[in-house]
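Chain and residue survey
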Amino acid sequence: MPQFSSGDDFLSAAAARSLILDSLSPAGGWERVAIRAALGRVLAHDVRAPCDVPAHDNSAMDGYAVRAADLSSDAEATLAVTGTALAGHPFPGAVGTGEAVRIMTGAPIPQGADTVVMQEAARREQEDVFIPPGQKKGQNVRRAGEDLAAGSIALAAGRRCGPAELGLIASLGIAEVTMRRRLRVAFFSTGDELASIGQPLAAGKIYDSNRYTLFGALSRLGCELLDMGVVPDDPAALEAAFVDASRAADVIITSGGVSVGDADFIRDMMARLGEVSFWKLAIKPGRPMAFGRIGGAVLFGLPGNPVAVMVSFYQFVQDALLTLMGVAPLPPAGRFAVRAGFAMRKPAGRVEYLRGRLQHDGAGPCVTLAGAQGSGVLRSMSEADCFIILPEDCTGVQAGDIVSVQPFNGLA
């Protein structure tokens, strides 16, 4: 596993991401599932087209199927309409010299025809149709195999299936596909101060929110979940939780107990159970983080503050989970530049992830801060719709400056 000193040095966000992703490979195992059960799952094998898509030449427009040889480049052509072709009901005959067939979108191109003239361009009078000059041979015709040729790869292994992919698989007449098995993720919160919801809140206690945040984020990824609840700051209880999780899951995610210099027994215990590095990251929020393996499971030890948990998850853990799920290539970060509608100072040397809201003012799109930015203010994540990402060399922002944002829509 990747190692890094946990002394006074800070690991950059880019270096931490690279160290994590470079050490991971997809978890094994696959299964056949019906396409309705494939949503959010990852293809284990290529899906190949068993036939041409579309299966036959067909019309891209409502109009008239004609022979280009019957048309003129400088004069109107008069053709006799001999029948109609509908989607699912092809014209049974052939288009001869001086003839046309009324055709609807998706209908097979009749034998003899090679061009479709859209109905808006034609003029119909009883059984004749008048075609203006300037039509091009082959226009408005979708060729057989134009979308996919028989035997070609329709969807490559590693693709995560969304609604469009389900539709594409169905268009090939395929009822079942081979998907990678669901990634098994065990998660729990640590800390004597935590109370589970439904319990009376004693003095000095707070309700555990991190497990529910992680539950939501992991559910959206389609993981198989093992919620292990709240584990107290007790070496025996923590060790038992880690051992049980490592036997049951591919991944263990914890929140709390990873601050450098605190709860030393946790670091000693993890070192005894597996290979775990404790890092101080040059980011805000979310500085402390643990990463490694315990038994056969990959471990992510996240900070305890609620916003720091979400920042750490979306900036480091999510792509690691997608890698373990077999997604290839990983989706792009989805960042874009926008004008800042706020001002603030920032020390150099760390990346800051602010919570922001995208909006329009009189000058166009801009981003503003979504409430208080403390790492314990979970409401700021609920009110925000994006991260504002300030790089290490940034020392402040003035209203009107261009900043990088990462919208929440698309993070999973």
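Everything in this summary refers to the structure shown in the same document. These numbers come from a predicted model, not from an experiment. The residue numbering used here restarts from 1 in each chain and proceeds along that chain's sequence as written. Under the rules for a predicted model, residues below a pLDDT of 70 receive no local features and side-chain atom pairs below 80 are neither given nor counted, while totals for whole chains, interfaces and linings still include all residues. Side-chain descriptors were evaluated using all non-hydrogen atoms of the structure, hydrogens and water having been removed beforehand.

Let's talk about the sheet that holds strand E13 (residues 184–190)
- If DSSP finds at least two bridges between two strands, the strands pair. Only DSSP runs of H or I covering at least 4 residues are called helices, and only runs of E covering at least 2 are called strands; the numbering of each starts at the N terminus. Spatially, six strands are ordered E16-E13-E17-E21-E20-E18 in an open sheet, and the strand pairing comes out mixed. Edge positions in the sheet fall to strand E16 (224–231) and strand E18 (274–280), since each has one partner strand and no second. Geometrically, the sheet is characterised by an average inter-axis angle of 15° between neighbouring strands, direction not taken into account.
- We call two residues in contact when some of their heavy atoms are within 4.5 Å. Think of each axis as a best-fit line through the C-alpha atoms, taken over the contacting stretch in the case of a helix, with angles from 0 to 180 degrees between the N-to-C directions. Along the sheet, helix H3 (residues 210–221) makes contact with E13, E16, strand E17 (251–255) and strand E21 (297–302), crossing E13 at roughly 165°.

Structural notes on the pattern of salt bridges
- Salt bridge, as used here, is a side-chain nitrogen of Lys or Arg placed within 4 Å of a carboxyl oxygen of Asp or Glu. In total, this model carries 15 salt bridges according to the counting rule given.
- The partner of Asp227 in a salt bridge is Arg211, and the shortest N-O contact between them spans 2.8 Å. Separated by 16 residues along the polypeptide, Asp227 in strand E16 and Arg211 in helix H3 bring together distant segments of the chain.
- For the exposure calls, accessible area comes from a 1.4 Å probe over protein chains only, and a residue counts as buried if that area is under 20% of its type's maximum, exposed if over 50%, partly exposed in between. Under the relative-accessibility criterion, Asp227 is labelled partly exposed at 38%.
- For Arg211, a relative accessible area of 8% puts it in the buried group.
- For Arg350, the salt bridge goes to Glu352, with nearest N and O atoms at 2.8 Å.

What about the packing of helix H1 (residues 13–22) against helix H6 (residues 306–325)?
- It is the contact of H1 with H6, at a shortest axis distance of 10 Å, that shows an interaxial angle of 20°. When the axis of H1 is compared with that of H6, the two are roughly parallel. As H1 packs across H6, the resulting crossing turns out to be right-handed. Here H1 contributes Ala13, Ala16, Arg17, Ile20 and Leu21 to the contact with H6, which in turn contributes Gln315, Phe316, Asp319, Ala320 and Thr323.
- The class makeup of the residues in the contact of H1 with H6 is six nonpolar, two polar and two charged. Orientation labels follow simple angle bins: below 35 degrees gives roughly parallel, above 145 gives roughly antiparallel, 65 to 115 gives roughly perpendicular, and whatever is left gives oblique. By convention the crossing between two helices is left-handed if the near helix lies anticlockwise of the far one by an angle smaller than a right angle, and right-handed if it lies clockwise. Throughout this entry, Asp, Glu, Lys and Arg are counted as charged residues, while Ala, Val, Leu, Ile, Met, Phe, Trp, Tyr, Cys and Pro are counted as nonpolar. The remaining residues, Gly among them, count as polar.

Structural notes on the side chain of Asp70
- Along the chain, the position of Asp70 falls in the loop between strand E4 (63–66) and strand E5 (77–85).
- Any pair of nitrogen or oxygen atoms within 3.5 Å is treated as a polar contact; in protein, a donor-acceptor pairing is required on top of that, and neighbouring residues in sequence qualify only through side-chain atoms on both sides. One polar contact links Asp70 to Arg67, side chain to side chain, over a distance of 2.8 Å.
- There is a polar contact of 2.9 Å between the side chain of Asp70 and the backbone nitrogen of Gly98.
- Sequence-distant contacts of Asp70, defined by excluding residues within four places in its chain, comprise Ala77, Leu79, Gly96, Thr97, Gly98 and Glu99.

Let's talk about the sheet that holds E5
- Taking strand neighbours across the sheet as the criterion, the six strands line up as E7-E4-E6-E5-E9-E8 in an open arrangement whose pairing is mixed. Lying at the two open borders of the sheet, with one neighbouring strand each, are strand E7 (115–118) and strand E8 (123–125). Sheet twist, expressed as the average angle between the axes of neighbouring strands with direction ignored, equals 40°.
- In the sheet, E5 pairs with strand E6 (residues 99–103) via four bridges, with the strands oriented parallel. Residue Ala85 lies in a different strand from E6, and its bridge partner there is Ile103.

Some words on empty space enclosed by the protein
- Space inside and on the surface of the protein is sampled on a 1 Å grid over the protein atoms alone, with a cavity defined as a set of points where a 1.4 Å probe fits but cannot get out and a pocket as an open set with protein on both sides within 12 Å along at least 5 of 7 lines; lining residues have an atom within 4 Å of a point. Grid points are joined across faces, edges and corners, and a volume is the space filled by probe spheres set on the points. One pass over the structure, following the stated rule, counts three cavities of 30 Å³ or more.
- Grouping the amino acids of the lining of the largest cavity by side-chain chemistry returns four nonpolar, two polar and four charged.

As for a negative patch on the surface
- Surface patches are defined over residues having more than 30% relative accessible area and no salt bridge, joining like charges when they lie within 9 Å and nonpolar side chains (Val, Leu, Ile, Met, Phe, Trp, Tyr) when within 5 Å. Accessibility throughout is a Shrake-Rupley quantity obtained with a 1.4 Å probe, and a residue counts as covered only by protein chains that appear here. Two residue types count as positive, namely Lys and Arg, and two as negative, namely Asp and Glu; His and chain ends fall outside the count. Taken as the charge centre is NZ of Lys, CZ of Arg, CG of Asp or CD of Glu, depending on the residue. Judged by side-chain charge, Asp192, Glu193, Asp233 and Asp234 come together as a negatively charged surface patch.
- When you line up the elements, Asp234 lands in the loop between E16 and helix H4 (235–248).

Some thoughts on the packing of aromatic side chains
- Each aromatic pair joins two rings of Phe, Tyr and Trp (for Trp, the six-membered one) with centres within 6.5 Å, and gets the label stacked for planes under 30 degrees apart, edge-to-face for over 60, and tilted for any other angle. This structure, assessed with the given rule, holds six aromatic pairs.
- Ring centres of Phe291 and Phe300 lie 5.2 Å apart, and the angle between their planes is 40°; this geometry places the pair in the tilted category. The pair Phe291 / Phe300 is uniform in exposure class, with both members buried.
- Seen in terms of ring centroids, Tyr353 and Phe387 are 6.2 Å apart; in terms of plane orientation they differ by 75°. Their pairing is edge-to-face. Of this pair, Tyr353 sits in strand E24 (residues 351–361) while Phe387 sits in strand E26 (residues 386–390), placing them 34 residues apart in sequence.
- Take Tyr353: its relative accessible area is 4%, and that puts it in the buried class.
- Here Phe387 falls in the buried class, since its relative accessible area comes to 0%.

So, unusual backbone geometry
- Note that the residue after Val53, namely Pro54, is joined by a cis bond; omega there is -5°.
- Along the chain, the position of Pro54 falls in the loop between strand E2 (47–48) and strand E3 (58–59).
- The omega torsion across Lys284 and Pro285 is -10°, close enough to zero to call that bond cis.
- Inspection of the secondary structure puts Pro285 in the loop between strand E19 (283–284) and strand E20 (288–294).
- The phi angle at Gln126 is positive, at roughly 55°, despite the residue not being glycine.
- Relative to the assigned elements, Gln126 resides in the loop between E8 and strand E9 (128–131).

What is shown is where atoms sit, not what they do.
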